Amino acid sequence: MPQIRRLPENLVNRIAAGEVVERPSSALKELVENAIDAGATRIAVKLVEGGLTSLEVTDDGCGMSPGDMTLALERHATSKLPDEAIEQVATLGFRGEALPSIASVARFTIESRPVGTEQGWKRVVDHGELTAEGPAALPPGTRVRVENLFGKIPARRKFLRTPRSEYAACKDVVLRLAMARPDVAITLDHGDRRIFGLQGGEGLANRVAQLVARELKENGVALDMERGAMRLTGIAGLPTYNRGVADHQYLFVNGRPVKDRLLTGAVRGAYADMLARDRHAVLALFLDIPCEDVDVNVHPAKTEVRFRDAQGVRGFIVSGLRQALATGDKRSAQSPDAGAMGRWQQEPVSPERDEPAPALRSIFEGRDWSAPQARVSEANAAWRGADPDVMAEPQGRAEEAAPVAAEAKDYPLGIARGQVANTYIVAEAKDGLVLVDQHAAHERLVLERLRAAGAEDAVARSQALLIPEVVELDETSCDRLEEAAPRLAEHGLALERFGPSAMLVRSLPHAIARTDPEKLLRDIDDDLALNGEALLLGEKLDLVLATMACHGSVRAGRVLRVDEMNALLREMERTPRSGQCNHGRPTWVKLSMEDVEKLFGRH
């Protein structure tokens, strides 16, 4: 019979390292978190070959004495839990495993000098063995260097990725922690190159815009709202400012970067009727919640959390995002596309002064420009031949506008001046030129009218099946669907448990009554497993409403009168979420007067 034995300390550390240190970015995360917990105001990170060769973190925090340094390299030794109330932990780290785990799988050098002392101390541990210690010269704070990660463990080393991939993971770790603490100055160097240098105290909005995208500040709305003891802050991109992947969604709980499916599902639910399914919002959300209402001790790397009232948190995030977007939902991603702006060109000047510019050459060629003779004659064939080139049909149409009220200059979308290609409305606002996609804009207006008239309830109205259908699923899926049944019933899908591994479908939403119940339930179950919430059914019903709105809206190619154009603009100014169509595309863009003047060289 196999004998149970107590594992040696070095093997215990290597097993712990397998949980905590998966790759260089894992070690870097622990070290930067330690620096933040030490009260640092400046943190410098240096990488060589993506951290595969070495990574170094230097801070100006409180520092450690030689005795504390020795203790810090032992497992489950930490200064972050003064008592046994682990549910009250407010620091990023608290397990006391990171330093000994890293030191067991790499060459680990730590130097530290407490504030107010004249000399620092240094310890070097090579894959779990102490190789050197002694005095060190450094300013107050701590410097940690990790070299040759998994160098003596080839079975782990061979699973590391290329330097480029490891660098990308390290950069993402530093970026998220820098976003969480805008009060801390952070620099990141890779080899001889400075990746970014951030000043402390620059404000949350500026820090997020610097790290995510500078245009997010102009194309986003700020959040700051409270519900009970919870508070939600951050910046959320407009629906028209979106991405093809969800990599630009940054979520923080009590200052801790997390990747949580409940939070991700809440974001998707908040943007559900404003983005196409394959597009994703750009945002950074910071949720502050009492420590006793969230468990951060559910994952060795502390990247996941568990909420006591998960549905309450989700509802708060969804309503908070929707409320914030309602303050800016009539806006569009207003910055003109750089590529489109680049195609606006000034008329080229020919190098020879006497030769017409290329764009005008067709006007001058083929004509007799000699002095006119003193006789009456009809236009020659050459002139008539140029008529189609010179007098081509205009692409746009303008009408004399009816007199407008004096307060018209205060309209955000301006006054209609014409129509281009029977698709785009040209309007003049007090601060620029506005172009409106008439079909996309009217599609959103019709959708909001349908909702206001109760069409959403009509679409979700339940239609009972003549013979209830039994759908067989595994027991876990049935448990998820049974728990979600009350919320699904609000959309017209009536479910009942039918034994341990089957669900009974009694009715379907009227708008999708022809769908296959088995396929629908499997898709909803996948949605529940992925996001913790059944968003799919609501999205299907939203798609029905959007299709109705599309068919009921003004089509591209329809000629509009000026009064119709102005009526459309005024309704857009009154209607929620009119800045984007049902698929997340902008319904209007603005070219500022400054941009117009630049095009003509007046700026």
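Here, every reference points to the structure presented above.
Conventions used here
Residues numbered from 1 in each chain as written. Predicted model: local features only at pLDDT ≥ 70, side-chain atom pairs only at ≥ 80, totals over all residues. Heavy atoms only, no water. Helix = DSSP H or I, 4+ residues; strand = E, 2+ residues; numbered from the N terminus. Polar contact = N/O pair within 3.5 Å; in protein donor to acceptor, adjacent residues only side chain to side chain. Contact = heavy atoms within 4.5 Å. Pairing = 2+ DSSP bridges. Axes fitted to C-alpha atoms, helices over the stretch in contact; angles between N-to-C directions. Salt bridge = Lys/Arg side-chain N within 4 Å of Asp/Glu carboxyl O. Buried < 20%, exposed > 50% of the residue type's maximum accessible area, 1.4 Å probe, protein only. Phe/Tyr/Trp six-rings, centres within 6.5 Å; stacked < 30°, edge-to-face > 60°. Lys NZ or Arg CZ within 6 Å of the ring centre and 35° of its normal.

> Any details on the side chain of S112? Residues and values, ideally.
Relative to the helices and strands, S112 is located in strand β3 (residues 107–113). Among the polar contacts made by the side chain of S112, one reaches the main-chain amide nitrogen of M64 at a distance of 2.7 Å. Other than its neighbours up to four places away in sequence, S112 contacts G63, M64, M69, G120, W121, L138, G141 and T142.

> I'd love a proper account of the sheet that holds strand β15 (residues 283–288), names of residues and values included.
Reading across from one edge, β9-β10-β15-β12-β13 is the order of the 5 strands in this open sheet, with mixed pairing throughout. The open sheet has two edge strands, β9 (220–227) and β13 (256–258), and neither has a second partner. Across the sheet, the mean angle separating the axes of adjacent strands is 20° when strand polarity is ignored. The sheet contacts of helix α8 (residues 261–270) involve β12 (249–253), β13 and β15, and relative to β12 the element is tilted by about 125°.

> Break down the sheet that holds strand β23 (residues 494–497) for me, citing the residues and quoting the values.
If you walk across this open sheet you meet the 3 strands as β22-β24-β23, and the pairing is antiparallel. Where the open sheet ends on each side, the last strands, each with one partner, are β22 (462–472) and β23. Shown here is a sheet whose adjacent strand axes are inclined to one another by a mean of 15°, direction ignored. Strand contacts of helix α15 (residues 475–489): β23 and β24 (502–509), with the helix running at about 140° to β23, the strand carrying the most contacts.

> An account of the pattern of salt bridges is requested, with residue identities and associated values reported.
Oppositely charged side chains can pair when the atoms bearing their charge come close. All told, the structure shown has 25 salt bridges when counted by the stated rule. The salt bridge involving K29 is made with E33; its shortest N-O contact spans 2.8 Å. One end of the pair is K29 and the other is E33, both in helix α2 (residues 24–37) and 4 residues apart, which spans about a single turn. We note that K29, like E33, is buried. Here R143 and E111 are joined by a salt bridge, their closest N and O atoms 3.1 Å apart. Here E111 lies in strand β3 and R143 lies in strand β6 (residues 141–147), a separation of 32 residues in the sequence. The residues R143 and E111 share a single accessibility class, namely buried. Within this structure, R558, R561, D563 and E564 form a network of salt bridges that share partners.

> Outline the pairing of β15, listing residues and values.
Counting buried positions along β15 yields 5 of 6 residues, so the element is predominantly enclosed. Pairing analysis gives 6 bridges linking strand β10 (residues 230–237) to β15, with the strands arranged antiparallel. If you follow G234 over to β15, its bridge partner there is L285. Pairing of β12 with β15, which is carried by 5 bridges, proceeds in the parallel orientation. Counted as the bridge partner of V253 is L287 from β15.

> For the packing of aromatic side chains, give the residues involved together with the corresponding values.
For the structure shown, the criterion picks out 1 aromatic pair. Centre to centre, the rings of F252 and F286 are 4.5 Å apart; their planes meet at 5°, and the pair counts as stacked. Of this pair, F252 sits in strand β12 while F286 is found in strand β15, placing the two residues 34 residues apart along the sequence. Take F286: its relative accessible area is 7%, and that puts it in the buried class. One residue, R243, lies across the ring of Y241, its end atom 4.9 Å from the ring centre. A cation over an aromatic ring shows up here: R570 above the ring of Y411, its NZ or CZ 3.8 Å from the ring centre.

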